[in-house]
Amino acid sequence: MRSIPRVVRSWLLLVGAFAVGLKAADRVPALMAGTPHGARIYATVAEAEHAVGAKIWVPAYYPDTMAWPPARIDLWPGPPTSVALRILGRADGRERLVLVQSLHAPASPPDELLPAVHVLTTNAVTVGRHPATLTRVLAPSGQLLHDVWWDQGPRRLTLRYSGPVEELILIATSLERMHR
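Calculation notes
- Residues numbered from 1 in each chain as written.
- Predicted model: local features only at pLDDT ≥ 70, side-chain atom pairs only at ≥ 80, totals over all residues.
- Heavy atoms only, no water.
- Phe/Tyr/Trp six-rings, centres within 6.5 Å; stacked < 30°, edge-to-face > 60°.
- Buried < 20%, exposed > 50% of the residue type's maximum accessible area, 1.4 Å probe, protein only.
- Salt bridge = Lys/Arg side-chain N within 4 Å of Asp/Glu carboxyl O.
- Helix = DSSP H or I, 4+ residues; strand = E, 2+ residues; numbered from the N terminus.
- Pairing = 2+ DSSP bridges.
- Arc of directions from axis to C-beta.
- Contact = heavy atoms within 4.5 Å.
- Core = buried A, V, L, I, M, F, W, Y, C linked by side-chain atoms within 4.5 Å.

Moving on to the packing of aromatic side chains. One pair of aromatic rings is described through two measures. These are the centre distance and the angle between the planes. For the coordinates displayed, the defined rule picks out one aromatic pair. Relative to Trp-68, the ring of Tyr-62 has its centre 4.9 Å away and its plane inclined at 40°; by these criteria the two rings are tilted. Look at Tyr-62 and you get buried, because its relative accessible area is 18%. Here Trp-68 falls in the partly exposed class, since its relative accessible area comes to 40%.

Below is the structure:
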């Protein structure tokens, strides 16, 4: 068996390096925008609903301190397909609420939509008529947050909130009531 000629080896190395460069370049726009790689971004809930072919649930109650509409809507193709609504505070423009919902099967939010945090405490609660889990968490930034999640039919709803836990439960309950 003859060895591969030097010209062919050089060409293969060049093509391989070009492919790696293209793959890296594909990630640059997402990194610059703060978008998770693999996620798609939508400007409106209606656009995201059209893309997934399903209704995206939004809460009826929002504290006055939060801005509507969502600042960004991230769609994770799955499986299962998941959508994250990112809602900012009116005064400071910082992310206050992230509502993630898996659309066709109850599943934990992918780390790309809701980064892992350190769980400090966990409590069983009820959201409307559904058993739920409430956790107090510590984000990598050192910020204390609260998560609440529950399964409702073929969805898992997870809310991460930077604010009083009482407001979080009101937001979650308003979401559950709209979709009984």
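Applying the stated criterion across every chain, the model contains seven salt bridges. Lys-55 is the partner of Glu-49 in a salt bridge, and the nearest nitrogen-oxygen pair spans 3.6 Å. According to the relative accessible area criterion, Glu-49 is buried, its value standing at 18%. In this structure, Arg-86 engages Asp-74 in a salt bridge whose closest nitrogen and oxygen atoms are separated by 2.6 Å. Residue Arg-86 is located in strand E3 (residues 82–88), and its partner Asp-74 is located in strand E2 (residues 72–76); the two are separated by 12 residues in the primary sequence. Several salt bridges converge on common partners, so that one network encompasses Arg-72, Asp-74, Arg-86 and Glu-95.

This part covers the pairing of E2. With four of five residues buried, E2 is to be regarded as a mostly interior element. Summarising the sheet, E2 and E3 pair through five bridges and their orientation is antiparallel. Looking at the pairing, Trp-76 lines up with Ser-82 of E3.

This part is about unusual backbone geometry. Cis geometry marks the peptide bond from Trp-68 to Pro-69, where omega comes out at 10°. Mapped onto the elements, Pro-69 comes out in the loop between helix H2 (45–52) and E2. Each neighbour pair has its own omega, and for Gly-78 with Pro-79 the value is 10°, a cis peptide bond. Within the secondary structure layout, Pro-79 lies in the loop between E2 and E3.

This next bit is on H2. For an α-helix, 3.6 residues make a turn, and residues three or four places apart therefore share a direction. Restricting attention to buried positions, one finds in H2 the residues Val-45, Ala-48, Glu-49 and Val-52. Viewed along the axis of H2, the buried residues span an arc of 100°, placing them on a single side of the element. Turned more than 90 degrees away from the buried face of H2 sit Ala-46 and His-50, all of them exposed. In this structure, the buried side of H2 is in contact with strand E1 (40–42), E2 and E3. Once H2 finishes, Gly-53 follows within two positions and takes phi at roughly 70°, a positive value.

Attention shifts here to the environment of Trp-57. Relative to the elements of secondary structure, Trp-57 occurs in the loop between H2 and E2. Classification of Trp-57 by relative accessible area gives buried; the value is 10%. The spacing of Trp-57 and Glu-176 is 119 residues in sequence and 9.0 Å in space, taken between C-alpha atoms. Apart from the residues lying within four places of it in its own chain, the contact partners of Trp-57 are Leu-85, Leu-99, Gln-101, Gln-152, Arg-155, Leu-157, Leu-175 and His-179.

Core analysis: the biggest nonpolar cluster contains 29 residues, and Val-148, Trp-150 and Leu-159 have the highest contact counts within it. Elements with a minimum of two residues in this core: H2, E2, E3, strand E4 (95–102), strand E6 (130–138), strand E7 (144–152), strand E8 (155–161) and helix H3 (165–178). Among the elements that make up this core, the one with the highest residue count is H3 (four residues). Setting aside its immediate chain neighbours within four residues, Val-148 contacts Val-125, Val-127, Ala-132, Thr-133, Leu-134, Leu-157, Thr-158, Leu-159, Leu-168, Ile-169 and Ala-172.

Honestly, that's just the spatial picture; any functional story needs more than this.
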